[in-house]
Amino acid sequence: MTSQIGQTRSEQGLSLLRSGYLFASRARRRAGLSADSGCPVRMPLLGKQTVLVRGEEGVKLFYDTSRVQRDGAMPGVVQGPLFGAGAVHGLDGEAHRVRKNQLADMAYEDERVAAYKPFLAQELEDLVTRWKDGDNVYDSTAIAFGRASFRWAGIPWSTQEMDRWAHRMSRLLDTFGRPATHLVSRLDRIALDRRFAALIKDVRSGKVAAPEDSVLAHMAGLVDENGELVDAKTAGIELQNLTRPNVAVARFAAFAATALAEHPEWIKRIRAASEQRGGTLLDVPEAVAFAQEVRRVYPFVPMLPAEVTTDTEIQGCPVHKGERVVLDILGTNTDPATWDRAATFDPERFLGVEDAEAIPTFIPQGGADVRTGHRCPGEKIAVTSLSAAVVALCRPEVQLPSDQDDLTFSWTHMLTRPSTGVRVRSA
Ligand code: HEM
């Protein structure tokens, strides 16, 4: 542990907009620290004193509910379009515990994940066939993951309707939070909220039959901390929060395609391991390790904000009640203090690791505990989707690109991805 603290006195909002994923390392440098320093940095950010933290100590502070809260911490420009108004992400205390447990029961329990796998495998098998006409990994896996999620959730839509909503969900991720496209994300959010609220109302009125014990049936019956049914709009938003983020795994799938193109030795290994298991797409250990390494080093969620509720300190840096603490997600996943050859892409590091979620500094989908904190309940589903897509991309008939347009992406643009979506074709 160190007591060195970085400090910047000028407002850093513009730097956040300009620097994207490089913001945290630039902030450390600007404060006189090295880019990969583990020391906290204090700065004014978007009009509020903020302490930027990373690593194990940072995770401990950020997830300590006796010292921080989420309510009001996420800028509205992100919270509204991305998660939806009143979603679990912004709740605290008992309201959060009760809502979160109902969602984790759906997404985190092994039986629910097992129930998802056949839908996913079917969609990806069909996708490899569709790749004969040429497509891109991002758009095509977004549709495949969307269809698999909606079917898993028991949503009784036609394939065309599933594709329409999966497309709007993936467009949300490409457009929210940017002045030029913000309106598109608002319109998609309004349309999605209306469609999902109508579905919940139809289930509640008996007009639509939700399969017994399905995710849809449980979300239609979502209750608050007083045991009261939550309103249809909020229940619809949480049903989206159990399906939309799986569509978002398409971003990691696009990054995985670039990583495979750059590490062809892993294509051979993953293909052989799948063939040894009869050609399955599911649970291939080499593909799971590859997926974990993609989640560790490729840029997706950059940082998370929370508000400090009591005077405290981190590594000798005072943090005052009412100030903001920002957890550097990417900087924690690649923190040289805890990761060997932190900047090197090496899936080998995850081979034989039984429970990657237990690594305190591996937080691509948040840290600490799923049931008691805000950690994402969808990690098992995300890793299932991503690793199966990795196996599909390693099939002998699949051709990955070598064009730089497909293999590069901006580090200053949030959310980033290769702009082509990574073109793909199967023979
Ligand atoms: C690309 C894949 C995904 C990424 C990068 C991701 C990332 C995250 C992150 C960073 C958080 C916030 C953690 C925190 O605030 O401490 C979160 C929360 C959440 N995620 Fe995910 N997630 C993904 C996939 C999923 C999936 C597949 C599901 C559901 C099946 C899901 C459902 C949720 C829910 C419901 C929350 C709110 C948890 C809470 O506030 O208590 N996510 N996710």
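Everything numeric in this text was worked out from a predicted model, so none of it was measured. (Residues numbered from 1 in each chain as written. Predicted model: local features only at pLDDT ≥ 70, side-chain atom pairs only at ≥ 80, totals over all residues. Heavy atoms only, no water.)

Caption draft 1: Quick peek at the coordination of the iron atom of the ligand. Of the protein atoms, Cys-376 (SG) alone serves as a donor to the iron atom of the ligand, at 2.3 Å. When you line up the elements, Cys-376 lands in the loop between α15 (329-333) and α16 (379-393). (Donors = N, O, S within 2.8 Å, 3.2 Å for Na, K, Ca; no water. Helix = DSSP H or I, 4+ residues; strand = E, 2+ residues; numbered from the N terminus.)

Caption draft 2: Just the site of the ligand, in detail. The ligand sits among 26 residues. The nearest are Tyr-63, Arg-70, His-96, His-374 and Cys-376. At 2.5 Å, a side-chain N or O of Tyr-63 approaches an oxygen atom of the ligand. Between the ligand and the protein, one listed contact pairs an oxygen atom with a side-chain N or O atom of Arg-70 at 2.6 Å. Mapped onto the shell around the ligand, the elements with two or more residues apiece are α5 (93-107) and α12 (244-262). (Near = heavy atom within 4 Å. Polar contact = N/O pair within 3.5 Å; in protein donor to acceptor, adjacent residues only side chain to side chain.)

Caption draft 3: Representation of the sheet that holds strand β11 (residues 423-426) in the model. Taken in spatial order, the three strands of this open sheet run β5-β11-β10, and their pairing is antiparallel. Bordering the open sheet on either side are β5 (135-136) and β10 (398-399), each of which pairs with just one other strand. Sheet topology places β10 next to β11; two bridges connect them, and they run antiparallel. Considered in β11, the bridge of Gln-399 is made with Arg-425. (Pairing = 2+ DSSP bridges.)

Caption draft 4: Just the side chain of Ser-387, in detail. Topologically, Ser-387 is positioned in helix α16. Setting aside residues up to four positions removed in sequence, Ser-387 forms contacts with Leu-281, Ala-287, Val-288 and Ala-291. (Contact = heavy atoms within 4.5 Å.)

Caption draft 5: Quick peek at the nonpolar core. Counting residues in hydrophobic clusters, the biggest one holds 96 residues, and the most contacted among them are Phe-145, Phe-150, Met-219, Leu-239, Ile-270, Phe-290 and Val-294. Top element by residues in this core is α12. It accounts for twelve residues. Beyond its immediate sequence surroundings of up to four residues, Leu-239 is in contact with Ala-153, Ile-155, Phe-196, Leu-199, Ile-200, Val-215, Leu-216 and Met-219. Core analysis: the next-biggest nonpolar cluster, separate from the first, contains 17 residues, Val-53, Val-319, Val-325 and Ile-363 among them. (Core = buried A, V, L, I, M, F, W, Y, C linked by side-chain atoms within 4.5 Å. Buried < 20%, exposed > 50% of the residue type's maximum accessible area, 1.4 Å probe, protein only.)

Caption draft 6: Focus on unusual backbone geometry. Cis rather than trans, the peptide bond between Met-414 and Leu-415 has omega equal to -15°. Here Leu-415 is to be found in the loop between α17 (404-407) and β11. Of note, the phi angle at Asp-213 is positive, near 65°, even though the residue is not glycine. Counting through the fold element by element, Asp-213 comes out in the loop between α9 (182-205) and α10 (215-220). In this structure Asp-213 comes out as partly exposed when scored by relative accessible area, which is 46%. Its identity is not glycine, yet Asp-283 carries a phi of approximately 55°, on the positive side. Its relative accessible area of 44% is what places Asp-283 among the partly exposed residues.

Caption draft 7: Structural context of the sheet that holds strand β1 (residues 6-7). Across the sheet, six strands lie side by side as β1-β2-β3-β9-β6-β4; this open sheet has mixed pairing. Two strands bound the open sheet, and with one partner strand each, they are β1 and β4 (68-69). Where strand β2 (residues 41-45) lies against strand β3 (residues 48-53), five bridges are found, and the strand directions are antiparallel. Residue pairing in the sheet places Leu-45 in a bridge with Lys-48 of β3.

Caption draft 8: View of the pairing of strand β9 (residues 324-328). Judged by how many residues are buried, β9 sits mostly within the fold: five of five residues are covered. A two-sided burial pattern is seen for β9, the buried positions comprising Arg-324, Val-326 and Asp-328 on one face and Val-325 and Leu-327 on the other. Relative to β9, β3 is paired through four bridges, and the arrangement is parallel. Residue Thr-50 lies in a different strand from β9, and its bridge partner there is Arg-324. One ladder, built from five bridges, connects strand β6 (residues 303-308) with β9; its direction is antiparallel. Across the sheet, the residue bridging to Glu-307 is Arg-324, located in β9.

Caption draft 9: Highlighting the environment of Gly-279. Among the structural elements, Gly-279 can be located in the loop between α13 (264-276) and α14 (285-297). Measuring from C-alpha to C-alpha, the distance between Gly-279 and Arg-395 comes to 8.9 Å, with 116 residues separating the pair along the chain. In this structure Gly-279 touches Ser-274 and Arg-395, once residues within four positions along its chain are discounted.

These results come straight from atomic positions and should not be treated as a statement about function.
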